[in-house]
Amino acid sequence: MGDTTVTTLDGRQAAVPDPVAADPGRGLLPRLRTPRRPRFWFEILLIAVSYWTYSLVRNAVPEQKAEALRNADWIWQTEHALGIAVEESVNRAVNSVTWLIIGMNYYYATLHFVVTLGVLVWLYRRHPGRYAATRLVLFATTAVALVGYYLYPLAPPRLMNGGDFIDTVMVHQTWGSMASGDLKHMSNQYAAMPSMHIGWSTWCGLTIFALATVPWVRVLGLLYPALTLVVIVATANHFWLDAVGGVLCLSFGFAVAGVWYGRLPYALPRDVPRRDTDRPRRRPAPEPSTKR
């Protein structure tokens, strides 16, 4: 559809933009790709349903114990060949410091969810224009991780046959881990690749580093995924290469968001106008009185 023309009073023709072509927001796809202010009730519902779906699908994947153990042996041998098979040394060294390993057990069980939700809330309140795109990165990362759990079952180091790894949750009887103790039957034990502890924590760290304005907060953002990497290895829940898988999934998430929005989420406007439905309705002005 092109421009239309109108004849002015002096006889000349002037181009008038077509109202549909000039307003890309009238199409469904442009509307979906335009950053908009998130709605609180919708975000709560979306996050709850998405996590429920993620847990349901992840735990419904066949555990395939024999294949998962074979894959773990292959990962361990590959890391030895690469000279990075230090997980067992880290696991035993940290386990010898009781207060440190107990702290890492609780870190593994709680911060994975607490920090991720905290960053989502911060984005919602302080960066509404970037919220949906950054959230899309997280959701796409998690979705492709589910494919990895299905295609490549992997036992964590603590469950390897003949391994000398220490299951730190079992040894120190700490609570909260879905991978050990009484809760292990509620979670797929052979879904270690990729590590979403790394995928989510790196998402948090990059988001904080890119958008925070306080220098020390930005530094903490970068330290968070680094410390998470130490924790997942020290507690024998993941190999180093599981972390690489988590970063690759995150890269996919950023690619999806970049293609959908045309740029990285952090480059989008910080704020967006409120929807018309979000604005309080004004009462009509009273009509002037005709009485004198």
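What counts, and at which threshold
Residues numbered from 1 in each chain as written. Predicted model: local features only at pLDDT ≥ 70, side-chain atom pairs only at ≥ 80, totals over all residues. Heavy atoms only, no water. Helix = DSSP H or I, 4+ residues; strand = E, 2+ residues; numbered from the N terminus. Polar contact = N/O pair within 3.5 Å; in protein donor to acceptor, adjacent residues only side chain to side chain. Contact = heavy atoms within 4.5 Å. Salt bridge = Lys/Arg side-chain N within 4 Å of Asp/Glu carboxyl O. Buried < 20%, exposed > 50% of the residue type's maximum accessible area, 1.4 Å probe, protein only. Expected span 1.5 Å × (residues − 1). Arc of directions from axis to C-beta. Patch = residues over 30% accessible without salt bridge, like charges linked within 9 Å, V, L, I, M, F, W, Y side chains within 5 Å. Areas by Shrake-Rupley, 256 points an atom, 1.4 Å probe, with all protein chains shown as cover. Phe/Tyr/Trp six-rings, centres within 6.5 Å; stacked < 30°, edge-to-face > 60°.

1. Topic: the side chain of serine 195
Alright, step 1. Tracing the backbone through its elements, the reader meets serine 195 in the loop between α7 (168-172) and α8 (196-211).
Alright, step 2. A distance of 3.4 Å separates the side chain of serine 195 from the backbone nitrogen of histidine 197, its partner in a polar contact.
Alright, step 3. Residues in contact with serine 195, not counting those within four places in the same chain, are Ile232, His238, Asp242, Ala243 and Gly246.

2. Observations concerning the pattern of salt bridges
Alright, step 1. Under the definition given, this model contains 1 salt bridge.
Alright, step 2. A salt bridge links aspartate 167 to arginine 158; its shortest N-O distance comes to 3.5 Å.
Alright, step 3. Aspartate 167 gets classed as buried once you look at its relative accessible area, which sits at 15%.

3. Quick look at helix α3 (residues 65-82)
Alright, step 1. Along its 18 residues, α3 runs 26 Å from first to last C-alpha, staying within 8% of the 26 Å computed at 1.5 Å per residue.
Alright, step 2. Every buried residue belonging to α3 is among Ala68, Leu69, Asn71, Ala72, Ile75, Trp76 and Glu79, and all of these are buried. Buried residues of α3, seen end-on, are gathered within an arc of 160° and therefore sit on one face of the element. What points out from α3, more than 90 degrees from its buried face, is the exposed set Arg70, Gln77 and Ala81.

4. Points about a nonpolar patch on the surface
Alright, step 1. A cluster of nonpolar side chains, Val214, Trp216, Val219, Leu220 and Leu223, forms an exposed patch at the surface whose accessible area comes to about 500 Å².
Alright, step 2. With respect to the helices, strands and loops of the structure, leucine 220 is situated in helix α9 (residues 215-234).

5. Focus: the packing of aromatic side chains
Alright, step 1. Within the structure shown, the criterion is met by 6 aromatic pairs.
Alright, step 2. Geometrically, the ring pair formed by tyrosine 124 and tyrosine 131 is edge-to-face, given 5.9 Å between the ring centres and 85° between the ring planes.
Alright, step 3. Taking the relative accessible area as the measure of exposure, tyrosine 131 reaches 2% and is therefore buried.
Alright, step 4. Taken together, a centroid distance of 6.0 Å and an interplanar angle of 65° make the contact between phenylalanine 254 and tyrosine 266 edge-to-face. With phenylalanine 254 in helix α10 (residues 240-261) and tyrosine 266 in the segment after α10, this pair connects stretches of sequence that are 12 residues apart.

6. Observations regarding unusual backbone geometry
Alright, step 1. For the bond from methionine 193 to proline 194, the omega torsion is 0°, close enough to zero to count as cis.
Alright, step 2. Notably, glutamine 173 is not glycine yet its phi reads approximately 55°, a positive angle.
Alright, step 3. Following the sequence through the fold, glutamine 173 ends up in the loop between α7 and α8.
Alright, step 4. The exposure class of glutamine 173 is exposed, given its relative accessible area of 63%.
Alright, step 5. Not every positive phi belongs to a glycine, and alanine 236 is a case in point at roughly 60°.
Alright, step 6. Along the polypeptide, alanine 236 turns up in the loop between α9 and α10.

Limitation: the analysis is restricted to geometry and does not speak to function.
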